[in-house]
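Descriptive structure summary
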Amino acid sequence: GYVLAVAFPSLVTGERVHIALGTVANDPEIQDEARRTVAVGLRNPELVDPALLAASVDVVARVGDEADFDAYVAAWKAATTPQAEVRYIYALAEFDEPDLTARVQSLVLDGTIRSQNAPFLLARALGSRANGEATWAFITGRWDRLNEMFASSSIVRMLATLIQLDRPGQVEEAQAFFRTHEVATGTRTLRQILERQAVNAALRDRDPAKTTELVLP
């Protein structure tokens, strides 16, 4: 607790710094602190500041393994508040092992993750540095099925983080897909998403030497 208390006097700002240090900077001290915080939070969340716990849950997910994934699934299923439930559900999108990404997709398809949560979980996975491409492949490959499962208004929300897929070929792939696949609700929003994706890609292409992974994940 001491390291984080000193490093992050404002937890609103500190939550983002905590995640960045634990993942992008790969700071082992922050990761260890996050694991201790999550361990306490899993036993009794009332003992941990909610913002600090949320940040720590994300850090552990991004560096975690199957045991951590299973612990999060158990915590989500045992949650007694909506806040605790979504904290652990949405963190599942951050695990970067392909087998765990596939498990998330299975939990969506079989309905274990409710349809009101699943689109937002997929949005988070789509915007993930590690899981974005696999999630896009899943969404496009299961497009009809997902449209059957989710409310029409949530489909475009699921696509909001598509703007992160800005590497060569990804913009063209997305544009080609949506020339033959429509969204029932949110056509204008989808157009804006595709425009922002193209802007991000242009920025990356303009000066790739200066556009680092820290700026455009």
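Structure report, in brief. Note that this is a predicted model, so its numbers are computed, not measured. (Residues numbered from 1 in each chain as written. Predicted model: local features only at pLDDT ≥ 70, side-chain atom pairs only at ≥ 80, totals over all residues. Heavy atoms only, no water.)

1. Digging into the overall build of the chain
- A count of helices and strands for the chain gives 13 helices and zero strands.
- Each helix (α) and strand (β) of the chain, taken in turn from the N terminus, gives the series α-α-α-α-α-α-α-α-α-α-α-α-α.
- A total of 217 residues make up the chain; the buried ones form 43% of that total.
- The contacts of the chain with a sequence gap of at least 6 include a subset with a gap of at least 24, amounting to 67%.
- As presented, the chain carries roughly 11400 Å² of accessible surface, and 53% of it is formed by carbon and sulfur atoms. (Helix = DSSP H or I, 4+ residues; strand = E, 2+ residues; numbered from the N terminus. Buried < 20%, exposed > 50% of the residue type's maximum accessible area, 1.4 Å probe, protein only. Contact = heavy atoms within 4.5 Å. Areas by Shrake-Rupley, 256 points an atom, 1.4 Å probe, with all protein chains shown as cover.)

2. With respect to the packing of aromatic side chains
- Counted by the stated rule, this structure contains eight aromatic pairs.
- Look at Y72 and F95: their rings are 5.5 Å apart centre to centre, the planes differ by 75°, and that puts the pair in the edge-to-face class. With Y72 in helix α5 (residues 66–78) and F95 in the loop between α6 (82–91) and α7 (98–109), the pair connects residues that are 23 residues apart, well separated along the chain. With respect to burial, Y72 and F95 carry one shared label: buried.
- Their ring planes at 85° and their centres at 5.4 Å tell us that W143 and F177 sit as a pair that is edge-to-face. Of this pair, W143 sits in helix α10 (residues 143–149) while F177 sits in helix α12 (residues 170–180), placing them 34 residues apart in sequence.
- Residue class for W143 comes out buried when judged on its relative accessible area of 5%. (Phe/Tyr/Trp six-rings, centres within 6.5 Å; stacked < 30°, edge-to-face > 60°.)

3. Describing the pattern of salt bridges
- Applying the stated rule across the entire model yields 10 salt bridges.
- When the shortest N-O distance is used, the salt bridge between E66 and R103 registers 3.6 Å. Linking E66 in helix α5 with R103 in helix α7, this pair joins segments that are 37 residues apart in sequence.
- E148 is the partner of R145 in a salt bridge, and the nearest nitrogen-oxygen pair spans 3.8 Å. A residue pair is termed a helical-turn pair when its members lie 3 or 4 positions apart in one helix, as R145 and E148 do in helix α10 at three residues.
- Taken together, the salt bridges that share partners define one network made up of D58, R62, E94 and R124. (Salt bridge = Lys/Arg side-chain N within 4 Å of Asp/Glu carboxyl O.)

4. Quick word on the packing of helix α8 (residues 118–126) against helix α9 (residues 132–141)
- Contact geometry for α8 and α9: axes closest at 7 Å, N-to-C directions at 135°. Relative to α9, α8 is oriented oblique. Of α9, the residues touching α8 (which contributes L122, A125 and L126) are G132, T135, W136, F138 and I139. (Axes fitted to C-alpha atoms, helices over the stretch in contact; angles between N-to-C directions. Parallel < 35°, antiparallel > 145°, perpendicular 65-115°, else oblique.)

5. Here's the deal with the environment of F120
- By secondary structure assignment, the location of F120 is in helix α8.
- With a relative accessible area of 34%, F120 lands in the partly exposed category.
- Considering only alpha carbons, one finds F120 and A160, 40 residues apart in sequence, at a separation of 9.4 Å.
- In this structure F120 touches Y90 and R157, once residues within four positions along its chain are discounted.

6. Considerations on α5
- Helix length check: α5, at 13 residues, gives a terminal C-alpha distance of 18 Å against a target of 18 Å (1.5 Å per residue), a fit within 8%.
- Turning to α5, its buried residues number three or more, namely D68, F69, Y72, V73, A75 and W76. The buried residues of α5 occupy one face: seen down the axis, they fall within an arc of 165°. Turned more than 90 degrees off the buried face of α5, the exposed positions are A67, K77 and A78. (Expected span 1.5 Å × (residues − 1). Arc of directions from axis to C-beta.)

Purely geometric stuff here, so don't read any function into it on its own.
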